[in-house]
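Analysis of the macromolecular model
Each chain, written out:
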Amino acid sequence: MTASRDHAMRMLGWRLKQAGLPTPELDARLLVQAVTGASGIEMIREPGTPMTAEEEERLAAFERRRLAREPVSRILGIREFWGLAFAVTAATLDPRPDSETLIETSLKLLESVVQPRLLDLGTGTGCLLLTLLHERQDASGIGVDISEAALEVARENAARLGLAGRAVFRQASWAAGLSEKFDLVISNPPYIASGEIAGLDRDVREYDPLLALDGGADGLDAYRAIAAALPDTLTQEGVAVVELGQGQAAAVRDIFEAAGCPVLRIVPDLSGTPRALVAGLPRR
């Protein structure tokens, strides 16, 4: 006899909690919903619906993966960001809620810009560029990544969200080969110092791609590359919005200002951590 959805969810949540996972009840609900195809409403209205033997087998396999600290988003192949569903694979960084600070900041900066052209450097899943395009129906842009496998995911996400007509994806190292200028450059670059990667949480170091994590010896290599590229990629009134790692605000500010790109503001995330740095070009 198989368990009901509700019983399976409660027991899985208990086991995940015993294993020390941070959000066991949420993880259990998402995994049970995934294997059964039940909506959130159906989980509430029909808690006693029995699972099939096949669903229980799939849930057991998902449980083993979660106990091995594989993130739920990677188990399911989907991560929600800004209320949109993005495909994720081993080739892409798992979008984090902290990065939504970049979206909020960018949308405010673009309020007075008509038909803005956007550039997303290190696009990964495409979540930053595609979210901005979703919010600004008059915008278009380019996402650049050095990983062709990541670009395939970004193109898939653009197509699924109905944004492929306004998004182009190119393989390159940062802004290499681009001749156009943009109203906004956005980036969540790799910013972990190489020597610190081994000490990251298991769900990050084992499942996020190294290319999306490793920022070089001091974690700042990508910022140097982006800052150096801005004079050739920003319009005169354009701005860049880049994500900051913990404790990096002062060092990144120095890098952009040394490259001739004055820092206009640093925006904290919901926890108060400096998260988004806004830079521009010197005003003529």
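Note that the coordinates shown come from a computational prediction; the quantities given were computed from them, not determined experimentally. Residues take numbers from 1 onward in each chain, read along the sequence in its written order. Two thresholds apply to this predicted model, a pLDDT of at least 70 for residue-level local features and 80 or more for giving and counting side-chain atom pairs, whereas whole-chain, interface and lining totals are computed over all residues. To get the side-chain values, all heavy atoms of the structure are used, and hydrogens and water are removed first.

Focus: the packing of helix 1 (residues 5-18) against helix 2 (residues 24-36)
When two helices pack together, their arrangement is given by the angle between their axes and by how far apart the axes lie. Worth spelling out the cut-off: Lines fitted to C-alpha atoms define the axes here, with helix axes fitted over just the stretch in contact, and angles between the N-to-C directions of these axes take values from 0 to 180 degrees. Put simply, DSSP marks the helices as runs of H or I at least four residues long and the strands as runs of E at least two long, and each gets a number from the N terminus on. For classification, angles of less than 35 degrees are called roughly parallel, those exceeding 145 degrees roughly antiparallel, those between 65 and 115 degrees roughly perpendicular, and all remaining angles oblique. Two helices cross in a left-handed way if the nearer one is turned anticlockwise from the farther one by less than a right angle. They cross in a right-handed way if the turn is clockwise. Should any heavy atoms of two residues lie within 4.5 Å, those residues are counted as being in contact.
Viewed as axis vectors pointing N to C, helix 1 and helix 2 meet at an angle of 140°, and their least axial separation amounts to 8 Å. Taken as axis vectors, helix 1 and helix 2 run oblique relative to one another. Helix 2 is crossed by helix 1, and the crossing has right-handed handedness. Where helix 1 approaches helix 2, its residues Arg5, Ala8, Met9, Leu12, Gly13, Leu16 and Lys17 are matched on the opposing element by Pro24, Glu25, Asp27, Ala28, Arg29, Leu31, Val32 and Thr36.

Side note on the pattern of salt bridges
Selection rule: Salt bridges are identified by distance alone: a Lys or Arg side-chain nitrogen within 4 Å of an Asp or Glu carboxyl oxygen. Summary of the burial criterion: residues with accessible area below 20% of their type's maximum are buried, those above 50% are exposed, and those between are partly exposed, where the area comes from a 1.4 Å probe applied to protein chains only.
Enumeration over the complete set of coordinates arrives at 18 salt bridges. The partner of arginine 224 in a salt bridge is aspartate 218, with the nearest N and O atoms 2.5 Å apart. Take arginine 224: its relative accessible area is 37%, and that puts it in the partly exposed class. Between arginine 275 and glutamate 243 there is a salt bridge whose closest N-O contact spans 4.0 Å. Here arginine 275, found in strand 9 (residues 274-280), pairs with glutamate 243, found in strand 7 (residues 234-243); they are 32 residues apart in sequence, far enough to count as distant. Since its relative accessible area comes to 6%, arginine 275 is described here as buried. Judged by relative accessible area, glutamate 243 falls into the buried class, the value being 3%. Each of Asp98, Glu243, Asp269 and Arg275 takes part in salt bridges that share partners, so that together they form one network.

Brief notes about helix 4 (residues 53-67)
Heads up, the condition is: To estimate how far a helix should reach, multiply one less than its number of residues by 1.5 Å. Working note: the arc is built from the helix axis to C-beta atom directions.
Given a rise of 1.5 Å per residue, 15 residues ought to cover 21 Å, and the 21 Å separating the end C-alpha atoms of helix 4 matches this to within 8%. Of all the residues in helix 4, the buried ones are Glu55, Leu59, Phe62, Glu63 and Arg66. For helix 4, the buried positions fall inside an angular range of 105° around the axis, keeping them on one side. Within helix 4, the exposed residues directed more than 90 degrees away from the buried face are Glu54, Glu57 and Arg64. Contacts from the buried residues of helix 4 go to helix 1, helix 2 and helix 5 (72-76).

What about unusual backbone geometry?
What you tend to see is this: most non-glycine residues have negative phi, and most peptide bonds are trans. Within the chain, arginine 69 stands out as a residue other than glycine whose phi angle is a positive 75°. On the secondary structure map, arginine 69 appears in the loop between helix 4 and helix 5. Even without being glycine, tryptophan 174 reaches a positive phi, approximately 55°. Along the chain, tryptophan 174 turns up in the loop between strand 5 (167-171) and strand 6 (182-187).

Overview of helix 2
Taking 1.5 Å per residue, 13 residues should reach 18 Å; helix 2 reaches 18 Å between its end C-alpha atoms and fits that length. Within helix 2, burial applies to Pro24, Asp27, Ala28, Leu31, Val32, Gln33, Val35 and Thr36. Residues of helix 2 that are buried sit in contact with helix 1, helix 3 (40-45), helix 4 and helix 5. Positive phi shows up at glycine 37, right after helix 2, with a value of about 75°.

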